[in-house]
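# Tertiary structure, described
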Amino acid sequence: MSETENGNGAAQPEAGQTGEQQPQVKMNILAQYIRDLSFENIYVQKGGEAQGQPDVQVKVNLDAKRRQADNQYEVSVKLNVDSKSKETGTQLFLLELDYAGVFQIENVPDNQLHPFLMIECPRMLFPFLRRIVSDVSRDGGYPPLNLETIDFVQIYRNEVLRRQAEQKGTSQTAGDTPAGTA
């Protein structure tokens with residue numbers, strides 16, 4: 001339940017809320033691990049020396065699935081980092097990382113579970129994932145790559161919109177009448 005302070009510093013319920021308390025959401029990270037990691041130092045393999053300013057493109061994919069144990073879920077963040085030289089366009093390195101966590105989640109309503117898994121869980125994994133990318137790029141002979149914060153809310157919204165458009169396109173091509181027309 002959300003609360004605000006009155007003038008005396010005492011907490012009071014916000015307007016429009018009842019005295020009923022919803023069970024508090026509980027989330028524990030039971031494990032986290034690298035499922036798959038690949039670093040291809042393409043430029044050095046071809047005889048070049050790591051130098052210059054890289055142009056880095058990062059692609060992110062998310063996945064979540066229920067585990068057999070009650071209230072346990074596995075969430076993975078898959079990164080594809082493609083680095084090219086800004087000056088020449090030559091590919092420097094390619095880093096692929098699949099990082100996963102096992103979460104115990106309780107008291108999240110069913111209609112909010114999917115966004116919780118795809119937003120909050122990756123947000124908890126991100127600092128560890130960022131560290132791995134930094135260490136691997138540094139160990140590969142490049143300046144440590146410190147990933148910018150990833151907006152998992154925006155990724156989730158984009159995926160929902162993509163799926164809606166895909167469903168709309170599928171239903172229209174199947175001969176269905178588009179919604180709102182007669």
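Every chain's residues receive numbers from 1 upward, in the order its sequence appears when written. Reporting in this predicted model follows two pLDDT cut-offs: at least 70 for local features of residues, and 80 or more for side-chain atom pairs to be given and counted; totals over whole chains, interfaces and linings ignore these cut-offs and use all residues. Side-chain numbers here rest on the full set of heavy atoms in the structure, without hydrogens or water.

Before going further, it helps to spend a moment on the nonpolar core. Grouped together as the largest cluster of nonpolar side chains are 32 residues, with contacts concentrated most on Leu-97, Ile-105 and Leu-129. Secondary structure counts use DSSP, requiring at least four H or I residues in a row for a helix and at least two E residues in a row for a strand, with both numbered from the N terminus. Elements with a contribution of two residues or more to this core: strand E5 (72-85), strand E6 (91-106), helix H2 (110-139) and helix H3 (152-173). When residues in this core are grouped by element, the largest group, 12 residues, is from H2. To qualify as a nonpolar core, a set must consist of buried Ala, Val, Leu, Ile, Met, Phe, Trp, Tyr and Cys residues joined through side-chain atoms within 4.5 Å. Relative accessible area decides the class of each residue, using a 1.4 Å probe on protein chains only: under 20% of the type maximum gives buried, over 50% gives exposed, and in between gives partly exposed.

The subject of this paragraph is the sheet that holds strand E4 (residues 54-66). The pairing of strands in a sheet happens through backbone hydrogen bonds and is either parallel or antiparallel. The antiparallel open sheet is built from 4 strands, whose spatial order is E3-E6-E5-E4. Each having just a single partner strand, strand E3 (26-40) and E4 make up the two edges of the open sheet. When the angles between neighbouring strand axes are averaged without regard to direction, this sheet yields 15 degrees. Any two strands are treated as partners once DSSP identifies two or more bridges connecting them. For E3 and E6, the ladder comprises 13 bridges, and the chain directions are antiparallel. If you follow Lys-26 over to E6, its bridge partner there is Glu-106. Of the strands in this sheet, E3, E4, E5 and E6 are in contact with H2, which crosses E6 at around 140 degrees. The axes used here are C-alpha line fits, helices contributing only the stretch in contact, and every angle between their N-to-C directions lies in the interval 0 to 180 degrees. Whether two residues are in contact is decided by their heavy atoms, any of which lying within 4.5 Å being enough.

For the rest of this paragraph, the subject is the confidence of the model for the chain. As a per-residue measure, pLDDT reflects the predictor's confidence and takes values from 0 up to 100. On average, the chain scores 84 in pLDDT, and the residues at 70 or more come to 79%. Confidence drops under pLDDT 50 across residues 1-16; counting only partners more than four residues distant or on other chains, this segment forms 19 contacts. Scored below 50 in pLDDT, residues 175-182 shows 2 contacts in the model against residues more than four places distant or in partner chains.

On to the pairing of E6, then. Within E6, 13 of the 16 residues are buried, which leaves it mostly tucked inside the rest of the structure. Relative to E6, E5 is paired through 13 bridges, and the arrangement is antiparallel. Directly across from Val-75, in E6, lies its bridge partner Gly-101. Connecting E5 to the antiparallel partner E6 that follows it, the hairpin turn spans 5 residues, and Gly-89 within it adopts a positive phi of roughly 80 degrees.

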